[in-house]
Amino acid sequence: RRPTGGGMVFHAFDISFAAIMPLTLRGLSGNTLTNYQLVNNKVLKALEKFLQEYSNKDFSELFSLLDSDDQKEGGRRRYFCMAKPTIYDVVLGNGQKVAGAAQRKGRHALLHQGTLSLSLPRQEVMEGVLKQSETIYPAMEKTSFAIMDELKLAGADLEKGKERLTELLIKEITTLGAV
């Protein structure tokens, strides 16, 4: 079991990204979970900036990094990233997962692959893809927070929002290691 999550992601409904960082980068640690927390703090900052621009609701105080890992979660939903929050994932105060990732450390670099939930797939889509959709879909609904669904962004506004969130994410992650 990897301490930094993993699991299947439905990429038509998210922003996915990968960051490769040299192990010599200032601020990186020999500890995988510490690095996971470091990068996801940048994801959290990007999300907070995005929500300040796009929402009249104040979500910024409601998001944080999950501070513990609930080992009781199991069954088939453990295979689906957005249906199982793990330590240092970005979550809403009630524990709904907004962003998660997985990390792999090599000899010279760290790979961080992440996802931000934009919207949930329709249940009919899940039924056509998954054998156990009747258990997995309710778990995704319960444990995932879909940003664009909450903001009710669709069409051109959804695309603009996705572009802006991507810009903010890139900007925040590229500040890793800065003084």
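Structure: above.
Residues numbered from 1 in each chain as written. Predicted model: local features only at pLDDT ≥ 70, side-chain atom pairs only at ≥ 80, totals over all residues. Heavy atoms only, no water.

Participant: Provide a residue-level description of the overall build of the chain, including the pertinent values.
Facilitator: Each helix and strand counted, the chain has five helices and five strands in total. The order of helices and strands in the chain, counted from the N terminus, is β-α-β-β-β-β-α-α-α-α. Of all intrachain contacts in the chain linking residues separated by at least 6 positions in sequence, the fraction that spans at least 24 positions is 71%. Counting every atom, the chain has about 9,800 Å² of accessible surface; 50% of that belongs to carbon and sulfur. (Helix = DSSP H or I, 4+ residues; strand = E, 2+ residues; numbered from the N terminus. Contact = heavy atoms within 4.5 Å. Areas by Shrake-Rupley, 256 points an atom, 1.4 Å probe, with all protein chains shown as cover.)

Participant: Would you mind going over unusual backbone geometry in detail, with residue names and values included?
Facilitator: Its identity as a non-glycine residue notwithstanding, tyrosine 88 has a phi of 70°, on the positive side. With respect to the element layout, tyrosine 88 can be found in the loop between strand 2 (63–65) and strand 3 (90–92). At lysine 152, a position not held by glycine, the phi torsion is positive, near 60°. Relative to the assigned elements, lysine 152 resides in the loop between helix 4 (147–151) and helix 5 (155–173).

Participant: Describe helix 1 (residues 32–54), listing the residues and the values that go with them.
Facilitator: An α-helical turn contains 3.6 residues, so a residue and the one three or four places further along point in the same direction. The end-to-end C-alpha distance of helix 1 is 33 Å, a good match for the 33 Å that 23 residues give at a rise of 1.5 Å each. Residue asparagine 31 occupies the N-cap position of helix 1, its side-chain oxygen lying 2.9 Å from the main-chain nitrogen of leucine 33. (Expected span 1.5 Å × (residues − 1). Polar contact = N/O pair within 3.5 Å; in protein donor to acceptor, adjacent residues only side chain to side chain.)

Participant: Before we move on, could you go through the packing of aromatic side chains and cite the residues and values that matter?
Facilitator: In this description, a pair of aromatic rings is defined by centroid distance and the angle of the planes. What the rule picks out here adds up to two aromatic pairs. Their ring planes at 20° and their centres at 4.5 Å tell us that phenylalanine 50 and tyrosine 54 sit as a pair that is stacked. Within this pair, phenylalanine 50 and its partner tyrosine 54 are both found in helix 1, separated by four residues, close to a single helical turn. Residue classification places phenylalanine 50 among the buried positions, given a relative accessible area of 0%. Of the residues examined, tyrosine 54 reaches a relative accessible area of 29% and is grouped as partly exposed. Seen in terms of ring centroids, phenylalanine 63 and phenylalanine 145 are 5.6 Å apart; in terms of plane orientation they differ by 70°. Their pairing is edge-to-face. Highlighted residues: phenylalanine 63 in strand 2 and phenylalanine 145 in the loop between helix 3 (133–143) and helix 4, separated in sequence by 82 residues. Taken as a pair, phenylalanine 63 and phenylalanine 145 share a single burial class, namely buried. (Phe/Tyr/Trp six-rings, centres within 6.5 Å; stacked < 30°, edge-to-face > 60°. Buried < 20%, exposed > 50% of the residue type's maximum accessible area, 1.4 Å probe, protein only.)

Participant: Talk me through the sheet that holds strand 1 (residues 14–22); I want residue IDs and the actual numbers.
Facilitator: The five strands lie next to each other as 1-5-4-3-2, forming an open sheet whose pairing is antiparallel. Edge positions in the open sheet fall to strand 1 and strand 2, since each of these has one partner strand only. Within this sheet the neighbouring strands show an average axis-to-axis angle of 20°, counted without direction. Pairing of strand 3 with strand 4 (residues 97–105) involves two bridges; the strand directions are antiparallel. Within strand 4, the residue paired with valine 90 across the bridge is alanine 99. Set on the sheet, helix 1 makes contact with strand 1, strand 2, strand 3, strand 4 and strand 5 (109–117); between it and strand 4 the angle comes to about 145°. (Pairing = 2+ DSSP bridges. Axes fitted to C-alpha atoms, helices over the stretch in contact; angles between N-to-C directions.)

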